[in-house]
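Topology and contacts: notes
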Amino acid sequence: MTSFNSKSTNETARKIFKIFLTNPRIKISWVKAHAGNIGNERADQLAKDATQHGQPYSHTRLPKPYMKGLLRKRMLEEWQTSWKNGDTGRKIYNIRPSVSLRPTNWNREDVIFFSQHGPFLAYLKMFHLSDSDY
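Since the model is a prediction, treat every value here as computed from it, not as a measurement. Note that residues are indexed from 1 along each chain, following the sequence as it is written. pLDDT decides what is reported in this predicted model: residues at 70 or higher carry local features, side-chain atom pairs at 80 or more are listed and counted, and totals for whole chains, interfaces and linings draw on all residues regardless. To obtain the side-chain values, all non-hydrogen atoms of the structure were included, while hydrogens and water were left out.

Below, the discussion takes up the packing of aromatic side chains. Stacked, tilted and edge-to-face are the three classes assigned to paired rings of Phe, Tyr and Trp, where Trp is represented by its six-membered ring and a pair needs centres within 6.5 Å; plane angles under 30 degrees give stacked, over 60 edge-to-face, the rest tilted. In total, this model carries three aromatic pairs according to the counting rule given. A ring pair is formed by W106 and F114, whose centres lie 5.3 Å apart and whose planes are at 35°; its orientation type is tilted. Exposure is judged per residue with a 1.4 Å probe applied to protein chains only, and the accessible area is read against the type maximum: over 50% gives exposed, under 20% gives buried, and values in between give partly exposed. For W106, a relative accessible area of 27% translates into the label partly exposed. Taking the centre distance of 5.3 Å and the plane angle of 75° together, the rings of F113 and F114 count as edge-to-face. Under the relative-accessibility criterion, F113 is labelled exposed at 54%. Through a chain of ring-to-ring contacts, the aromatic side chains of W106, F113 and F114 assemble into a single cluster. Two conditions define a charge located above a ring, namely a distance within 6 Å from the ring centre to NZ of Lys or CZ of Arg, and an angle within 35 degrees of the ring normal. It is R90 that lies over the ring of Y93; its NZ or CZ is 4.4 Å from the centre.

Shown next as structure tokens:
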């Protein structure tokens, strides 16, 4: 295998060789192809994708704060989409259409008033706790 040759001029082979040198717990062994080994099947799929679409996966190490920022941004985007397209909390959505990780300065009474989920007669009637909504 080319990657075991420390004098190889192939850049990828040299990177692999360096990884093997710095990680002695990595073991290389032969696995019969298409024998139902999940890891091998996944490796085959990644190799096929790489030949057809370019390298789909990279071992590039990124700083933790950068990754946390990306994940936070992605999470907020998904949360915003869910909030925008959801069918619950529409009264609050009309007041606060954007999600945020920052707490609001609303007290309990504000939440009850704006959400209309509180000891109001119409709310109590909806849960059969009152006979009238007046």
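On to a nonpolar patch on the surface. On the surface, L62, Y66, M67 and L70 cluster together into a nonpolar patch covering about 360 Å² of accessible area. Numbering goes from the N terminus for both helices and strands, where a helix is a DSSP run of H or I of at least four residues and a strand is a run of E of at least two. Assignment of secondary structure puts L62 in the loop between α2 (38–53) and α3 (64–85). A relative accessible area of 42% means that L62 is categorised as partly exposed. Patch criteria: residues need more than 30% relative accessible area and no salt bridge. Like-charged residues are merged within 9 Å; nonpolar side chains of Val, Leu, Ile, Met, Phe, Trp and Tyr are merged within 5 Å. We get accessible surface area from the Shrake-Rupley algorithm with a probe of 1.4 Å; when it comes to residues, only the shown protein chains can shield them. When a carboxyl oxygen of Asp or Glu is within 4 Å of a side-chain nitrogen of Lys or Arg, the pair counts as a salt bridge.

Before going further, it helps to spend a moment on the side chain of N40. Along the polypeptide, N40 turns up in helix α2. The residues touching N40, leaving out its near neighbours within four places in the chain, are V31, K32, A33 and H34. Contact between two residues is taken to exist if any of their heavy atoms lie within 4.5 Å; hydrogens are not considered.

Let's shift gears to the domain arrangement of the protein chain. Domain assignment breaks the protein chain into domain 1 (11–53) and domain 2 (64–127). Source of the domain bounds: an automatic or database domain assignment. A separation of 45 Å is found between the C-alpha centroids of domain 1 and domain 2.

Okay, the side chain of S115 next. For S115, the position within the fold is in helix α5 (residues 108–115). From its side chain, S115 meets the backbone oxygen of V111 in a polar contact 2.6 Å long. Ignoring sequence-local partners within four residues, the contact set of S115 consists of K91 and I92. Polar contact is the term for a pair of N or O atoms within 3.5 Å; when the atoms are in protein, one must be able to donate a hydrogen and the other to accept it, and sequence-neighboring residues count only if both atoms are side-chain atoms.

A few words on helix α1 (residues 11–22). In this model, α1 (12 residues) spans 17 Å end to end at C-alpha, consistent with the 16 Å of a helix rising 1.5 Å per residue. Residues A13, F17 and F20 constitute the buried set of α1. The buried side chains of α1 occupy one side of the element, clustering within an arc of 60° when seen end-on. Residues of α1 that are exposed and point over 90 degrees away from its buried face: E11, T12, K15, K18 and T22. Where α1 begins, one side-chain oxygen reaches toward the backbone nitrogen of T12, 2.9 Å away; that side chain belongs to N10. Multiplying 1.5 Å by the residue count of a helix minus one yields the expected span of that helix. The directions considered for the arc are those from the helix axis to the C-beta atoms.

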